[in-house]
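Chain residues, written in single-letter form:
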Amino acid sequence: MRIRKPWTAWDDALDWKQLPGAMGVYELADADQRTLYIGKASGTSPFGLRGELCRHFTTAEALAGANWTHPRMGEDLPSIKGKARFYRYEVNHNYYSRWIEVLTRYREDHETLPPGNLEDPEQPPPLGRYHWKSEDAARGL
Amino acid sequence: MDFELSEEQRLIIDNVRRFIREEIRPLEADLDPDAYRLKPEDEARLEAMTNEMGLFQMDVPQEYGGPGVDTVTRTLIAEELSQHRAGLYAPAYGVFGSGPQGQLYNATESQKENYLWPTIRGEKHGFFGLSEPSGGSDPARAIQTRGVRDGDEWVINGGKLWNSGADTADYGIVYVRTDPTKGRQGITAFIVDTDTPGFRVNRLVQVLRSHYTTELSFSDMRVPHENILGEEGGGFALANDYLARNRIPYSAAGIGVAVYAHEIAIEWAKQRVTFGEPLASRQAIQWMLVDNEIDIRTARWACLAAADKAEKGLPFRFESSMAKLISTEGAGRVVDRCMQIMGGLGMSKDLPMERWYRELRIRRIGEGPSEVQRIVMARDLLNIGSGSR
Ligand SMILES: Cc1cc2nc3c(=O)[nH]c(=O)nc-3n(C[C@H](O)[C@H](O)[C@H](O)COP(=O)(O)OP(=O)(O)OC[C@H]3O[C@@H](n4cnc5c(N)ncnc54)[C@H](O)[C@@H]3O)c2cc1C
């Protein structure tokens, strides 16, 4: 099953305290809400989902006032950098198996992984097959 | 001690029980299994309801505008509030309000203006900064964070570990060694704004539950002398009546989770047929259920006994430690047995039990580990002090 939440547009004025520091999975999309990347905030992510989302969308300078920074803030993979506009996430303690599930679901629909995941140095383990396409795939999402 | 509820207590308990079953549990179907916050619109709607029930901010004393709920009733409420998926650490998702840390009632008038009142109004949040990498069970000896006075300020260097909520807090109550020659009497509590230069959140430390803790560092962090909470060197004296009192409802929350798990397991045992008979007809399962009931009732009595003593103004340190120990360990056993009765379903995220199992494990460490509770009780039994150093 994919992440069922609606997309949220990244807003530079967002209060970063509203983003959870917990573990979980997240998805980034471009201006047309096409998935660019399916990521996870793992047990060793230094600032959980908050840190992972901020590092894709913003810079340490833009977070002035924050008493923390992600070591990879502002760095990104070429297919994501400057293109990500939307995000959605799920707080989930079983982030690893859920990450694999969301990637598997995506690959089932699109016959490939999201562009960011193809470039990502961290590749998932071999993914399974569900043998059915979702309604999203039928709608070209 | 009379365990019979008064008419008023029964009414309150029925109301809270209905609120949890009819308002909170249905919302959880649409939340992440590990979520600890409601959607903001639900939060606002439900807070209005708890206000109407007269139970909003029930941990705030009456003289500060709270509804004035006595300790026994508060303990009974705590057992009800936790009876949902997120209930152990986020009872009713906080819609009954979360009062300030008890130490703040000892603050000066200007500290109350800056921290206590805004916290009661929900405008500010604080964290509790006691534990350090050097140890949390025996903070009097373990605290290495150092404060050195410089005129009207203190320069603080060091760091803290495991501080829940410090990443989003506006301030923290931070325990600092201000006099290394005085042992326990050399620890001072400071109110520290989290935007003070030198205050840094190094990382979030993930644990068994989905909510995390933090690792903090303080480098040449300058805190005004007037931000000392209580007396210089009196940090531990602040661990007052309020703190020990809070340990009782904290313990009762564990019972609530056990009660709910037990209810689910009983229903399941009656319905699930294996080898031609319902599980409930098997003695192995019946005994697990009876053991659950014994653990639940023992913990409930221990919590109520502690609450009763606290309410009557009698010494209750021994009883509150005993309640904490019995309830956290007993509730862990109950949930474990329930998971066994549920089989595979008990392991899955479709049910709340796996979450309670993880969270209850933390309860045996947080708020004073089981061993420390035993140390407190042993000191009372043997009439020995904690030592000055
Ligand atoms: C999820 C979580 C949230 C927390 N939130 C906060 C917070 O908000 N603020 C804060 O200040 N702290 C917080 N803590 C810290 C918590 O209070 C400490 O972890 C706890 O006090 C134990 O300290 P320690 O981890 O350093 O273990 P240690 O003190 O190193 O003890 C290790 C083990 O040895 C046992 N032990 C210690 N002394 C004895 C003895 N004499 N005899 C027998 N056994 C002994 C202890 O019980 C424990 O099991 C949190 C911890 C967790 C896990």
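Residues numbered from 1 in each chain as written. Chains lettered and ligands numbered in written order. Predicted model: local features only at pLDDT ≥ 70, side-chain atom pairs only at ≥ 80, totals over all residues. Heavy atoms only, no water.

Draft legend 1. Here's a closer look at the overall build of chain A. On a plain count of helices and strands, chain A comes out with 4 helices and 4 strands. When the helices and strands of chain A are listed from N to C terminus, the series reads β-β-β-α-β-α-α-α. For chain A, the C-alpha radius of gyration of 15 Å lies close to 14 Å, the compact-globule estimate for 141 residues. Over its C-alpha atoms, taken along the principal directions, chain A stretches across nearly 50 × 30 × 25 Å. Taking all 141 residues of chain A together, the buried fraction comes to 56%. Expressed as a percentage of contacts within chain A between residues at least 6 apart in sequence, the contacts between residues at least 24 apart total 68%. (Helix = DSSP H or I, 4+ residues; strand = E, 2+ residues; numbered from the N terminus. Rg over C-alpha atoms; globule rule 2.2 N^0.38 Å. Buried < 20%, exposed > 50% of the residue type's maximum accessible area, 1.4 Å probe, protein only. Contact = heavy atoms within 4.5 Å.)

Draft legend 2. Local environment of the site of the ligand. Residue and element names in this part refer to chain B. Surveying the vicinity of the ligand reveals 15 residues, the closest of which are Ser131, Gly136, Ser137, Trp162 and Glu371. Tryptophan 162 has a polar backbone atom sitting 2.8 Å from a nitrogen atom of the ligand. Relative to its free-state accessible area of 970 Å², the ligand is covered by the protein chains to the extent of 64%. Classifying every residue of the shell around the ligand by side-chain character gives 7 nonpolar, 7 polar and 1 charged. Taken together, domain 2 (126-229) and domain 3 (237-381) each give at least three residues to the shell around the ligand, which thus spans both. (Near = heavy atom within 4 Å. Polar contact = N/O pair within 3.5 Å; in protein donor to acceptor, adjacent residues only side chain to side chain. Areas by Shrake-Rupley, 256 points an atom, 1.4 Å probe, with all protein chains shown as cover. Nonpolar A, V, L, I, M, F, W, Y, C, P; charged D, E, K, R; others polar. Domains from an automatic or database assignment.)

Draft legend 3. View of the pairing of strand S3 (residues 35-41) of chain A. Residues and elements named next belong to chain A. For S3, a buried count of 7 out of 7 residues is recorded, marking the element as mostly surrounded by other parts of the structure. Of the pairings in the sheet, the one linking strand S2 (residues 24-29) to S3 comprises 6 bridges and is antiparallel in character. Looking at S3, one finds that glutamate 27 is bridged to isoleucine 38. (Pairing = 2+ DSSP bridges.)

Draft legend 4. Looking closely at the packing of aromatic side chains. Applying the stated criterion across every chain yields a total of 18 aromatic pairs over all chains. Measuring from centroid to centroid gives 6.4 Å for tyrosine 87 of chain A and tyrosine 89 of chain A, while their planes differ by 5°, and the two rings are stacked. For the pair formed by tyrosine 87 of chain A and tyrosine 89 of chain A, the shared burial category is buried. When the ring of phenylalanine 128 of chain B is compared with that of tyrosine 175 of chain B, the centres are 5.7 Å apart and the planes differ by 75°; the resulting orientation is edge-to-face. Pair noted here: phenylalanine 128 of chain B is in strand S1 (residues 126-129) and tyrosine 175 of chain B is in strand S4 (residues 171-177), with a separation of 47 residues, a long-range link. Overall, the relative accessible area of 38% leaves phenylalanine 128 of chain B in the partly exposed class. Owing to a relative accessible area of 3%, tyrosine 175 of chain B belongs among the buried residues under this scheme. Members of the aromatic cluster, each reached through a chain of ring pairs, are Trp10, Phe57, Tyr87 and Tyr89 of chain A. (Phe/Tyr/Trp six-rings, centres within 6.5 Å; stacked < 30°, edge-to-face > 60°.)

Draft legend 5. Region of the structure containing the pattern of salt bridges. Counted under the stated rule, the structure contains 39 salt bridges over all chains. The partner of glutamate 90 of chain A in a salt bridge is arginine 98 of chain A, and the shortest N-O contact between them spans 2.6 Å. Residue glutamate 90 of chain A is classed as buried on the basis of its relative accessible area, which comes to 10%. Within this structure, Asp34, Lys349, Glu354 and Arg358 of chain B form a network of salt bridges that share partners. (Salt bridge = Lys/Arg side-chain N within 4 Å of Asp/Glu carboxyl O.)

Draft legend 6. Layout of the sheet that holds S2 of chain A. All names here are of chain A. What the 4 strands build is an open sheet, ordered S1-S4-S2-S3; its pairing is antiparallel. Either end of the sheet is taken by a strand with one partner, and the two such strands are strand S1 (8-9) and S3. In this sheet, strand S4 (residues 86-91) lies alongside S2 in antiparallel orientation, the contact comprising 6 bridges. In the strand pairing of S4, tyrosine 26 is matched with tyrosine 89. Where helix H1 (residues 48-57) meets the sheet, it contacts S2, S3 and S4, and its direction lies at approximately 20° from that of S2. Across the sheet, helix H2 (residues 95-110) touches S2, S3 and S4, and the angle it forms with S3 is around 165°. (Axes fitted to C-alpha atoms, helices over the stretch in contact; angles between N-to-C directions.)

Draft legend 7. Looking closely at the side chain of glutamate 354 of chain B. Residues and elements named next belong to chain B. Considering the arrangement of structural elements, one finds glutamate 354 in helix H10 (residues 353-363). Here the side chain of glutamate 354 touches arginine 358 through a polar contact of 3.0 Å, side chain to side chain. Every residue in contact with glutamate 354, bar those within four places of it in the chain, is listed here: Asp34, Met339, Gly346, Met347, Ser348 and Lys349.

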